Amino acid sequence: MAVRYDTVIIGAGMSGLSAGVRLAYYEKNVCILERHTTIGGLNSFYRLRKRNYDVGLHAVTNYAEPGTKQGPLSKLLRQLRLKWEDFDLRPQLQSSIVFPGATLHFTNQFNYFVEQIASAFPQQIDGFRRLVTRIAEHDALDLERQSVSARQVVSEYIRDPLLVDMLFCPLMFYGSATPRDMDFSQFVIMFKSIFHEGFGRPFEGIRLILKRLVKHFKSLGGHLKLRAGVQEIRQSNGRATSVLLDDGTEIEADNILSSAGAAETLRMIDPNGPPMKAEPGDISFVESISVLDCEPAQLGHRDTIVFYSDTKDFHYERPDVPVDLRSGIICSPNNFDYSQPLEDGRIRITALADPHYWMNLPEDQYVAAKQHWNDEIIRCATQHIPDFRSHVIDTDVFTPRTIRRFTGHLNGCVYGAPQKFVNGQTPLDNLFLCGTDQGFLGIVGAMLSGITIANRYLLK
Amino acid sequence: MTSDQIRQVILDILGRIAPDEDLTDLDDARPFREQMELDSMDFLDIVMELRKMYRIQIPEEDYSNLNTMGGTVQYLLPRLKDVPVGA
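Here is what the cut-offs are and how they apply
Residues numbered from 1 in each chain as written. Chains lettered and ligands numbered in written order. Predicted model: local features only at pLDDT ≥ 70, side-chain atom pairs only at ≥ 80, totals over all residues. Helix = DSSP H or I, 4+ residues; strand = E, 2+ residues; numbered from the N terminus. Rg over C-alpha atoms; globule rule 2.2 N^0.38 Å. Buried ≥ 20, exposed ≤ 12 C-beta atoms within 10 Å, placed from the backbone. Contact = placed C-beta atoms within 7 Å. Pairing = 2+ DSSP bridges. Right-handed = clockwise from strand over helix to strand, strands pointing away. Axes fitted to C-alpha atoms, helices over the stretch in contact; angles between N-to-C directions. Parallel < 35°, antiparallel > 145°, perpendicular 65-115°, else oblique. Left-handed = near helix turned anticlockwise from the far one by under 90°. Nonpolar A, V, L, I, M, F, W, Y, C, P; charged D, E, K, R; others polar. Core = buried A, V, L, I, M, F, W, Y, C linked by C-beta atoms within 7 Å. Domains from an automatic or database assignment. Expected span 1.5 Å × (residues − 1). Arc of directions from axis to C-beta.

1. Section: the overall build of chain B
Link 1 in the chain: Within chain B, the regular secondary structure consists of 4 helices and 0 strands.
Link 2 in the chain: Along chain B, from the amino end to the carboxyl end, the secondary structure elements read α-α-α-α.
Link 3 in the chain: Radius of gyration (C-alpha) of chain B: 12 Å, near the 12 Å computed for a compact globule of 87 residues.
Link 4 in the chain: With respect to the principal axes defined by its C-alpha atoms, chain B has extents near 30 × 25 × 20 Å.
Link 5 in the chain: The proportion of buried residues among the 87 residues of chain B is 20%.
Link 6 in the chain: Counting only contacts in chain B whose residues sit at least 6 apart along the sequence, the fraction spanning at least 24 positions is 61%.

Right, dumping it as structure tokens:
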């Protein structure tokens, strides 16, 4: 007889683990299934040539000081019955948005960002303040909301297109599944999480948060199975009845919660069915990771994150070249307010990439292409930060192909499908979605996504 | 359980849901939400914790009885009077 659970969760990323904690805490019999050999999904970690690496996470957004009672991070910790110390978030030092002819700095103190805008764009500051009021009044967590163009709303308040693009740049880079524009609610979530609340990172990186979640989940009686990919979701009369694993095992469940992505999940229901309503996204990235023989600060680089665009118009879309060198994100995990230095210096540079090029590249050209584009990305980024190339002692590169391999996201898309399934529902009564395709963004957003959907449908 | 014991159970639950709140001066007659940061997600947790601890089902239409400590104790007293502490 097949094993049976109250809820089976597909995917041991931030959202699946958080949902699992909620369900296990309330004594639900719950099992998380992960196809990969390790936890994390889009935000994971690995070890290569005796060094630890993070993938996904540059920074945790929604930073809050210890003891903060409001905001998404506090809400999350309360819901998971975790303490602030469990995530050990250290605040960023300072980040920058660099465009031709203008630079804006920001920290975790929002007033500093307002002053930056007042001084760089004095004509726009009144409009910006009104936009901030509009953002504060918007209920972005309404699960039944309608989609509105963020560019349209923002341009009602800000007339200078350069400032509009400078505001959109970090928000899109860190969470937009849609090219060129965002849904206004997504814009609000990202604006608050990045500009109001800001960045933090645990000294030990993303592994600390993931390991805390797993330990907590297991201590509450939850089951976690790695190397357990779901091949098929079986159904009967509009209800999911069981999942079939890659190795042929069948697991029955009253409810199924999937963080695998909307299109990816629908394929599990019917692999040969008609074309899906849910289109997978195609916004993906290449990331260059350099290990340095010194701290970036010793080379004069103290910014935590630099968002840059070499063109006044910021182009956030799938490029028609392998990597879009016109813009990027430069992250140094060293530049957070730690009490001691990290083991080695790191510079991570992330740029938009064309998933089709990387997916279709023959294996014998893949390694050389990674090397070539890594060099190109660094060449372009060093126009914005000190040239660190003579200090590089090790390099790793990930591409859309790497992302697809480890997350199962078609196209290696990072922020999921352009169309979100905010209420988490699917064509099957007892199959629900959480994670990137449900639509709360960032690390904290992903965890809240799992919690929200679990609370709404699975704790009854 | 007596009223005092039920009050203590609720305080323990609130302490778990909102560990950063100081509950020593909680006014039993005033709504929880006026005295601490408690959103609808947290509120649902009070109901869920009671269900987990005492197997008591509180229907949604009764939630309004749980806005204050006084109201909560009064609502729970007949339902928990035969239940021992720490059940």
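2. Section: the interface of chain A and chain B
Link 1 in the chain: With 12 residues of chain A at the contact, the number on the chain B side is 11 residues.
Link 2 in the chain: When residues of the side of chain A that touches chain B are assigned to their parent elements, the largest contribution, 3 residues, is made by helix 2 (residues 72–80) of chain A.

3. Remarks on the pairing of strand 1 (residues 3–10) of chain A
Residues and elements named next belong to chain A.
Link 1 in the chain: Bridge count for strand 1 against strand 12 (residues 250–258) is 7 bridges, and the pairing is parallel. Looking at strand 12, one finds that T7 is bridged to N255.
Link 2 in the chain: With helix 1 (residues 14–25) bridging strand 1 and the parallel strand 2 (residues 30–33), this β-α-β connection has right-handed handedness.

4. Focus on the packing of helix 1 of chain A against helix 9 (residues 206–219) of chain A
Residue and element names in this part refer to chain A.
Link 1 in the chain: Taken N-terminus to C-terminus, the directions of helix 1 and helix 9 make an angle of 25°; their axes are 9 Å apart at the nearest point. The angle between the axes of helix 1 and helix 9 places the two elements in the roughly parallel class. When the axes of helix 1 and helix 9 are compared, the crossing they make is left-handed. Residue-level inspection shows L17, S18, G20, V21 and A24 of helix 1 in contact with helix 9, the latter providing L213, V214, H216 and F217.
Link 2 in the chain: Partitioned by chemical class, the residues of the contact of helix 1 with helix 9 number 6 nonpolar, 3 polar and no charged.

5. Some points on the environment of I206 of chain A
Residue and element names in this part refer to chain A.
Link 1 in the chain: Secondary-structure assignment places I206 in helix 9.
Link 2 in the chain: Accessibility expressed as a C-beta count within 10 Å gives 23 for I206, which makes it buried.
Link 3 in the chain: C-alpha of I206 to C-alpha of Q123: the two residues are 83 residues apart in sequence and 41 Å apart in space.
Link 4 in the chain: If sequence neighbours within four positions are ignored, I206 has contacts with G40, N43, F45, D54, G56 and L57.

6. Section: the nonpolar core
As a rule of thumb, soluble globular proteins bury nonpolar side chains together.
Link 1 in the chain: If you look at the biggest cluster of nonpolar residues, it comprises 132 residues, and the most contacted ones within it are V8, L33, L171, I256, L257 and I330 of chain A.
Link 2 in the chain: Both domains that furnish three or more residues to this core are identified here as domain 1 (3–42 + 204–278 + 418–458) and domain 2 (90–202 + 281–407) of chain A.
Link 3 in the chain: Aside from chain neighbours lying at most four places away, what touches V8 of chain A is C31, L33, V243, I251, A253 and I256 of chain A.
Link 4 in the chain: Core analysis: the second largest hydrophobic core is formed by 13 residues, I6, L50, L66 and M69 of chain B among them.

7. Some remarks on the domain arrangement of chain A
All names here are of chain A.
Link 1 in the chain: Segmenting chain A into domains produces domain 1 (3–42 + 204–278 + 418–458) and domain 2 (90–202 + 281–407).
Link 2 in the chain: Relative placement of domain 1 and domain 2: their C-alpha centres are 28 Å apart.
Link 3 in the chain: Across the boundary between the two partners, domain 1 contributes 15 residues, which contact 17 residues of domain 2.
Link 4 in the chain: Among the secondary structure elements, those contributing two or more residues to the side of domain 1 that touches domain 2 are helix 9 and helix 14 (442–458).
Link 5 in the chain: Tallied by class, the residues present in the side of domain 1 that touches domain 2 amount to 8 nonpolar, 6 polar and 1 charged.

8. Some remarks on the sheet that holds strand 7 (residues 102–106) of chain A
Strand pairing in a sheet takes place through backbone hydrogen bonds and is either antiparallel or parallel in direction.
Residues and elements named next belong to chain A.
Link 1 in the chain: Judged by pairing direction, the sheet is mixed, and its 7 strands sit side by side in the order 7-6-14-15-16-13-17 without closing on themselves. Every other strand in the sheet has two partners, leaving strand 7 and strand 17 (392–398) as the edge strands with one partner each. Across the sheet, the mean angle separating the axes of adjacent strands is 15° when strand polarity is ignored.
Link 2 in the chain: Across 3 bridges, the pairing between strand 6 (residues 95–99) and strand 14 (residues 305–309) is parallel. The partner of I97 across the bridge, within strand 14, is F307.

9. Considering helix 7 (residues 161–173) of chain A
All names here are of chain A.
Link 1 in the chain: Relative to the 18 Å expected for 13 residues at 1.5 Å per residue, helix 7 spans 18 Å between its end C-alpha atoms, a close match to the ideal helical length.
Link 2 in the chain: With 10 of its 13 residues buried, helix 7 lies for the most part within the structure.
Link 3 in the chain: Taken as a whole, helix 7 has its buried residues at L163, D165, M166, L167, F168, C169, P170, L171, M172 and F173.
Link 4 in the chain: Tucked inside the fold, the buried residues of helix 7 contact strand 6, strand 7, helix 6 (150–157), helix 8 (184–197), strand 14 and strand 15 (327–331).

10. Structural notes on helix 1 (residues 3–17) of chain B
Link 1 in the chain: A rise of 1.5 Å per residue sets the reference length of helix 1 of chain B, with its 15 residues, at 21 Å; its end C-alpha atoms lie 21 Å apart and thus fit the reference within 8%.
Link 2 in the chain: Listed as buried for helix 1 of chain B are I6, V9, I10, L14 and I17 of chain B. One side of helix 1 of chain B holds all its buried residues, which, seen down the axis, span an arc of 135°. Residues of helix 1 of chain B that are exposed and point over 90 degrees away from its buried face: D4 and G15 of chain B.
Link 3 in the chain: Here the buried face of helix 1 of chain B lies against helix 2 of chain A together with helix 3 (40–54) and helix 4 (69–80) of chain B.

11. Quick look at the pairing of strand 16 (residues 345–353) of chain A
Successive residues of a regular strand alternate their side chains across the two faces of the sheet.
Residues and elements named next belong to chain A.
Link 1 in the chain: Taking burial as the measure, the 9 residues of strand 16 include 9 buried ones, the bulk of the element.
Link 2 in the chain: Pairing analysis gives 3 bridges linking strand 15 to strand 16, with the strands arranged antiparallel. Across the sheet, residue I329 finds its bridge partner in strand 16, namely T350.

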